[in-house]
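What the coordinates show
What follows is each chain in one-letter form.
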Amino acid sequence: MEAKAIAKGVRIAPRKCRLVVDLIRGKSVVEADRILSNINKEAARLTRKVLISATANAENNLGLNKETLVVKEAYVGEGKTMKRMRFGSRGHVDPIKKRTSHITIVVSDTNK
């Protein structure tokens, strides 16, 4: 059985977030939570929230035990990009792209 959690429109670039998400893919939920709580990055804090949500979905909706859960899938997709402008020298304009992410984590029972 699988439980899923998605955080959409998170204000962090997907490239930065993928570095953190790659560390927890395939690990147990307890170990992944321990890894994320010891990383000093904003992406780790945001990913940990999604992991806790997916774990809570598995416990409350499916009746699974937290100790037997494994991170089956973890990936980051690109969200909308906010386009802003910054004025440069000699009257020209530099574009700024403020990127967002969609963080998805799927946890499943180890018995299956």
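Since the model is a prediction, treat every value here as computed from it, not as a measurement.

Another aspect to go through is the side chain of Asp33. Note that Asp33 resides in helix H2 (residues 29–37). Looking at Asp33, the relative accessible area reads 18%, which means it is buried. Residues contacting Asp33, with those up to four places away along its chain left out, are Arg48 and Leu51.

Inspection of the secondary structure assignment puts Asp109 in strand E3 (residues 93–109). Overall, the relative accessible area of 11% leaves Asp109 in the buried class. At 3.1 Å, the side chain of Asp109 forms a polar contact with the side chain of Thr68. Residues within four places of Asp109 in sequence aside, it is in contact with Met1, Leu64, Thr68 and Leu69.

Positive charge collects at one region of the surface, where Arg11, Lys16, Lys41, Arg84, Arg86 and Lys98 lie side by side. Along the chain, the position of Arg11 falls in the loop between strand E1 (2–10) and helix H1 (14–24).

A word on helix H3 (residues 42–62). Every α-helix winds through 3.6 residues per turn, so residues three or four apart in the chain are directed the same way. For H3, built from 21 residues, the straight-helix expectation of 30 Å at 1.5 Å per residue is met to within 8% by its first-to-last C-alpha distance of 30 Å. Taken together, the buried positions of H3 are occupied by Ala43, Ala44, Leu46, Thr47, Val50, Leu51, Ala54, Thr55 and Ala58. One or two residues past the end of H3 sits Gly63, with phi positive at roughly 70°.

Take the pairing of strand E2 (residues 69–87) next. Relative to E3, E2 runs antiparallel, the two being bridged by 16 bridges. Across the sheet, residue Met85 finds its bridge partner in E3, namely Pro95. Hairpin connection of E2 to E3: five residues between the antiparallel strands, including Arg90 at a positive phi of 55°.

Right, let's talk about a nonpolar patch on the surface for a bit. Among the surface-exposed residues, Met85, Phe87 and Val93 lie close enough to one another that they form a single nonpolar patch of about 370 Å² accessible area. With respect to the secondary-structure elements, Met85 resides in strand E2.

Turning to the packing of H1 against H3, a few remarks are in order. Between H1 and H3, whose axes approach to 9 Å, the crossing angle comes to 55°. Classed by the angle they form, the pair H1 and H3 counts as oblique. Like other packed secondary-structure pairs, H1 and H3 cross with a definite hand, here right-handed. For the pair formed by H1 and H3, the contact residues are Lys16, Cys17, Val20, Val21 and Ile24 on the first element and Ala43, Ala44 and Thr47 on the second. The residue inventory of the contact of H1 with H3, partitioned by class, reads six nonpolar, one polar and one charged.

The subject of this paragraph is the nonpolar core. By size, the foremost hydrophobic cluster in this structure holds 28 residues, and its most contacted members are Cys17, Leu51, Val71, Ile103, Ile105 and Val107. Listed by contribution, the elements that provide at least two residues to this core are E1, H1, H2, H3, E2 and E3. For this core, the element with the highest residue contribution is H3, accounting for seven residues. The residues contacting Ile105, other than those within four sequence positions of it, are Ala3, Lys4, Ala5, Ile24, Thr47, Val50, Leu51, Ala54, Val71, Glu73 and Ala74.

Conventions used here
- Residues numbered from 1 in each chain as written.
- Predicted model: local features only at pLDDT ≥ 70, side-chain atom pairs only at ≥ 80, totals over all residues.
- Heavy atoms only, no water.
- Helix = DSSP H or I, 4+ residues; strand = E, 2+ residues; numbered from the N terminus.
- Buried < 20%, exposed > 50% of the residue type's maximum accessible area, 1.4 Å probe, protein only.
- Contact = heavy atoms within 4.5 Å.
- Polar contact = N/O pair within 3.5 Å; in protein donor to acceptor, adjacent residues only side chain to side chain.
- Patch = residues over 30% accessible without salt bridge, like charges linked within 9 Å, V, L, I, M, F, W, Y side chains within 5 Å.
- Areas by Shrake-Rupley, 256 points an atom, 1.4 Å probe, with all protein chains shown as cover.
- Salt bridge = Lys/Arg side-chain N within 4 Å of Asp/Glu carboxyl O.
- Lys, Arg positive; Asp, Glu negative; His and termini not counted.
- Charge placed at Lys NZ, Arg CZ, Asp CG, Glu CD.
- Expected span 1.5 Å × (residues − 1).
- Pairing = 2+ DSSP bridges.
- Axes fitted to C-alpha atoms, helices over the stretch in contact; angles between N-to-C directions.
- Parallel < 35°, antiparallel > 145°, perpendicular 65-115°, else oblique.
- Left-handed = near helix turned anticlockwise from the far one by under 90°.
- Nonpolar A, V, L, I, M, F, W, Y, C, P; charged D, E, K, R; others polar.
- Core = buried A, V, L, I, M, F, W, Y, C linked by side-chain atoms within 4.5 Å.

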